[in-house]
Amino acid sequence: MQRPFSFAGRFYLVVEDEYLAASSMVMALEDAGAEVAGPVSNVAGALKLVSERASELDAAILDINLRGIMAHPVAERLAEQGIPFVVVTGYDCDSVPEPFSMMPCLNKPCDEQELLTVLAGLPVRQPPGVRRSI
């Protein structure tokens, strides 16, 4: 299958607790030319990676519920760092709380092509402290 997107030179964080879903996302990103941090399956690991590699990250894919633990601290840290992200969830996207509900949301299992399309449409990463115009 030919992928219409090239993510060469892009760096993404994958935060997902389901092995098959994480593997699928990582493979889709790598096949499109991206580099990937993770996957990580818990809040502590995700926060550590964001702290260590924030300046390198172009965007993230964030499962909002990691084995029953809400990943809100990760979403908050990504937002603080100006790193755009896509929320993935096994629940209804309407259940994603404010202020994260403004981010693109995909239901799991998400289609790889749909994920790449959403990632391609994310805003360019903004340095911390710079507000995006809406």
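Everything numeric here is computed off the predicted structure, so don't read it as measured data.

### Considerations on the UniProt feature "modified residue: 4-aspartylphosphate" (unreviewed entry) in the protein
Consideration 1: In the UniProt entry, the feature "modified residue: 4-aspartylphosphate" (unreviewed entry) is given for Asp63.
Consideration 2: Note on Asp63: relative accessible area 1%, which makes it buried.
Consideration 3: Not counting residues up to four positions away in its chain, the partners in contact with Asp63 are Val15, Glu16, Asp17, Ala71, Val88, Thr89 and Lys108.

### Considerations on the state of the cysteines
By definition, a disulfide links the sulfur atoms of two cysteine residues through a covalent bond.
Consideration 1: Per the counting criterion, the structure on display carries 1 disulfide.
Consideration 2: For the unlinked cysteine Cys110, the closest cysteine sulfur is that of Cys105, found at 9.7 Å.

### A look at the packing of helix H1 (residues 19-31) against helix H4 (residues 112-120)
Consideration 1: Running from amino to carboxyl end, H1 crosses H4 at an angle of 60°, the nearest separation of the two axes being 10 Å. Regarding the angle of H1 to H4, the classification is oblique. In the crossing of H1 with H4, the sense of the turn from one axis to the other is right-handed. Counted together, Ser24, Met25, Ala28 and Leu29 of H1 and Glu112, Leu115, Leu116 and Leu119 of H4 form the full contact between these two elements.
Consideration 2: In terms of residue class, the contact of H1 with H4 is made up of 6 nonpolar, 1 polar and 1 charged.

### Details of the side chain of Thr89
Consideration 1: For Thr89, the location among the structural elements is in strand S6 (residues 85-89).
Consideration 2: Take Thr89: its relative accessible area is 1%, and that puts it in the buried class.
Consideration 3: Residues contacting Thr89, with those up to four places away along its chain left out, are Asp63, Ile64, Cys105, Leu106, Asn107 and Lys108.

### Some remarks on helix H2 (residues 43-53)
Consideration 1: Turning to H2, its buried residues number three or more, namely Val43, Ala46, Leu47, Leu49 and Val50. The buried residues of H2 all sit within an arc of 165° when viewed along its axis, so they share a single face. For H2, the exposed residues set more than 90 degrees away from the buried face come down to Ala44 and Lys48.
Consideration 2: At its buried positions, H2 is contacted by strand S1 (11-15), strand S2 (35-40), strand S4 (65-66), strand S5 (69-70) and helix H3 (72-80).

Quick notes on the rules
Residue positions within a chain follow its written sequence, with the count starting from 1. The model is predicted, so local features are restricted to residues of pLDDT at least 70 and side-chain atom pairs to those at 80 or more, both for listing and for counting; the totals for chains, interfaces and linings are taken over all residues. In computing side-chain values, all of the structure's heavy atoms are included and hydrogens and water are not. UniProt positions are given in the numbering used here, feature names are shortened, and annotations may be inferred rather than shown by experiment. For every residue, the accessible area (1.4 Å probe, protein chains only) is compared with the maximum for its type, and the residue is labelled buried under 20%, exposed over 50%, or partly exposed between those bounds. The contact criterion used is simple: two residues touch if any of their non-hydrogen atoms lie within 4.5 Å. Cysteine sulfur atoms are paired as a disulfide whenever they fall within 2.5 Å. Here an angle of 0 to 180 degrees is reported between the N-to-C directions of two axes, which are lines fitted to C-alpha atoms, with helices fitted over the stretch in contact. A run of H or I in DSSP counts as a helix once it spans at least four residues, and a run of E counts as a strand once it spans at least two, with each numbered from the N terminus. Any angle that is under 35 degrees is reported as roughly parallel, and any over 145 degrees as roughly antiparallel; angles of 65 to 115 degrees are reported as roughly perpendicular and all others as oblique. Should the near helix be turned anticlockwise from the far one by less than a right angle, the crossing is termed left-handed; should it be turned clockwise, right-handed. Here the term charged refers only to Asp, Glu, Lys and Arg, the term nonpolar to Ala, Val, Leu, Ile, Met, Phe, Trp, Tyr, Cys and Pro, and the term polar to all other amino acids, Gly among them. Directions pointing from the helix axis toward each C-beta atom define the arc.

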